[in-house]
Amino acid sequence: MAKKISEKVTWVGKIDWDLRHFHGDELSTHHGSSYNSYLIRDEKVALLDTVWLPYNQEFVERLRQEIDLDKIDYIVMNHNEVDHSGALPELLSHRPDIPIYCTKKGEAILRGQYHQDWNFVNVKTGDTLPLGETTLTFIEAPMLHWPDTMFCYLSGEEILFSNDGFGQHLASEMLFDDEIDQDVLLYEAEKYYVNIINPFNAMAAKKVKQIIEMNLPLKMICPSHGVIWRKNYQTIIDKYLLWSAGGQAEQVTLIYDTMWKSTEKMANAIAEGIRATLPDTKVVTICASENDKNDILVEVGRSKAILMGSPTINNGFSYAIAGMLEMIKGLKFKGKKAAAFGSYGWSGEAVKQISAALAAAGLEVVDDGLSLLWMPDEDAIARCRDYGQSFAAEI
Ligand code: FEO
């Protein structure tokens, strides 16, 4: 159902309650998501973004209940990944003449995706689209998180439309931040940031600072996923400044996989050693094959150091740890220390290989790691504790 969010702006998006995976299987969405589209009705009418392809007909039907499609003067596409542009072909099959305001890169993406010669109007930072009493001002935001991304600001209503920026994969009947559980909201916003925007920290920091310096009167930040920041928009701005600066907590995370519990015992004993040396540091141990990869990455984002452990398997290491290492590399974490550990029965290559992969992922590997033969006995557990203490001393 469409919902009015201010005098001239109505939410006309789609809540996707059942979504559990996004970007293929790259990102888990335990709480579903939404594709937020906004209709601005002033002397001119503008539609901001659409929804994902599977909901294209439902979207256009609902939009039609809200407004005669012939009355739409402009479409603004802040970002053209298919979760926002998927309903464009259906909508434009009814009104192929509507001008689409987007960045030059946005046009290239739409042409590449849909192969249509639509009525594109390219915009840049500072360009405006007067709608009557209100005006849209465009602000390019490249690599937040695609090259085409832009934000736009609606004067009069004092709303920043930020597309994926400040978003959360969170399905909710409630449209506003102050109407839902704050812990869930902030966790989902952080998970979204770490798993999608983290590789582009420098651009995110620059863009958020630019928005702050513009000193825009602000009543709401409307992202394209999740709830609208109405009461706590300063909180999410501050969080973006923190996360984009690589802000870390006093936390160390041990991510491991285990076949017969040897490596798990090592993880627990190393964690004890770290706790003994750094009593004020939060030490988290997580089994990679038993937990959600994207939730683990949130813990990585919060940590100033990580340890990764795996038994040696087939002269290599575990599939779950290999997957985590690939994701850690892709997310381009900076300023984190790291080391490897693991048990083995005969060949024992895992620790050396994981250490190399951590270094290749851009982490500072502080030592050669700890490799133990077979199931750790009391002496070996003591070695793990000692190793945890020496690792703690390095960070
Ligand atoms: Fe929500 Fe980058 O699409």
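This text goes with the structure placed above it.
It should be emphasised that the depicted structure is a prediction, and the values quoted were computed from it without experimental measurement.

Undergrad: Describe the packing of helix 9 (residues 293–302) against helix 10 (residues 319–331), listing the residues and the values that go with them.
TA: Taken N-terminus to C-terminus, the directions of helix 9 and helix 10 make an angle of 55°; their axes are 11 Å apart at the nearest point. With respect to their mutual orientation, helix 9 and helix 10 come out oblique. Of the two possible hands of crossing, helix 9 and helix 10 adopt the one that is right-handed. Residues Lys293, Asn294, Ile296, Leu297 and Val300 of helix 9 pack against Met324, Met327, Ile328 and Leu331 of helix 10.

Undergrad: I'd like to hear about empty space enclosed by the protein, residue by residue, with values.
TA: What the rule picks out here adds up to 3 cavities of 30 Å³ or more. As for the largest cavity, its lining consists of Leu144, Phe151, Gly165, Phe166, Ile197, Ala204, Lys207, Val208 and Tyr240. Looking at the lining of the largest cavity element by element, the count peaks at 3 residues for helix 6 (residues 201–213). For the lining of the largest cavity, the residue count by class is 7 nonpolar, 1 polar and 1 charged. Forming the boundary of the second largest cavity are Ser34, Asn36, Leu170, Ser172, Met174, Leu175, Gly226 and Val227. Of the residues assigned to the lining of the second largest cavity, the class counts are 4 nonpolar, 4 polar and no charged.

Undergrad: Before we move on, can you summarise the pattern of salt bridges with the specific residues and values?
TA: The final tally for this structure, using the stated rule, is 20 salt bridges. The partner of lysine 3 in a salt bridge is glutamate 173, with the nearest N and O atoms 3.8 Å apart. You can see lysine 3 sitting in strand 1 (residues 3–4) and its partner glutamate 173 sitting in the loop between strand 15 (159–163) and helix 5 (182–197), a full 170 residues away along the chain. Residue lysine 3 is classed as partly exposed on the basis of its relative accessible area, which comes to 28%. Residue classification places glutamate 173 among the partly exposed positions, given a relative accessible area of 46%.

Rules and cut-offs
- Residues numbered from 1 in each chain as written.
- Predicted model: local features only at pLDDT ≥ 70, side-chain atom pairs only at ≥ 80, totals over all residues.
- Heavy atoms only, no water.
- Axes fitted to C-alpha atoms, helices over the stretch in contact; angles between N-to-C directions.
- Helix = DSSP H or I, 4+ residues; strand = E, 2+ residues; numbered from the N terminus.
- Parallel < 35°, antiparallel > 145°, perpendicular 65-115°, else oblique.
- Left-handed = near helix turned anticlockwise from the far one by under 90°.
- Contact = heavy atoms within 4.5 Å.
- 1 Å grid on protein atoms, 1.4 Å probe; cavity = no way out; pocket = protein on both sides within 12 Å on 5 of 7 lines; lining within 4 Å.
- Points joined across faces, edges and corners; volume = space filled by probe spheres on them.
- Nonpolar A, V, L, I, M, F, W, Y, C, P; charged D, E, K, R; others polar.
- Salt bridge = Lys/Arg side-chain N within 4 Å of Asp/Glu carboxyl O.
- Buried < 20%, exposed > 50% of the residue type's maximum accessible area, 1.4 Å probe, protein only.

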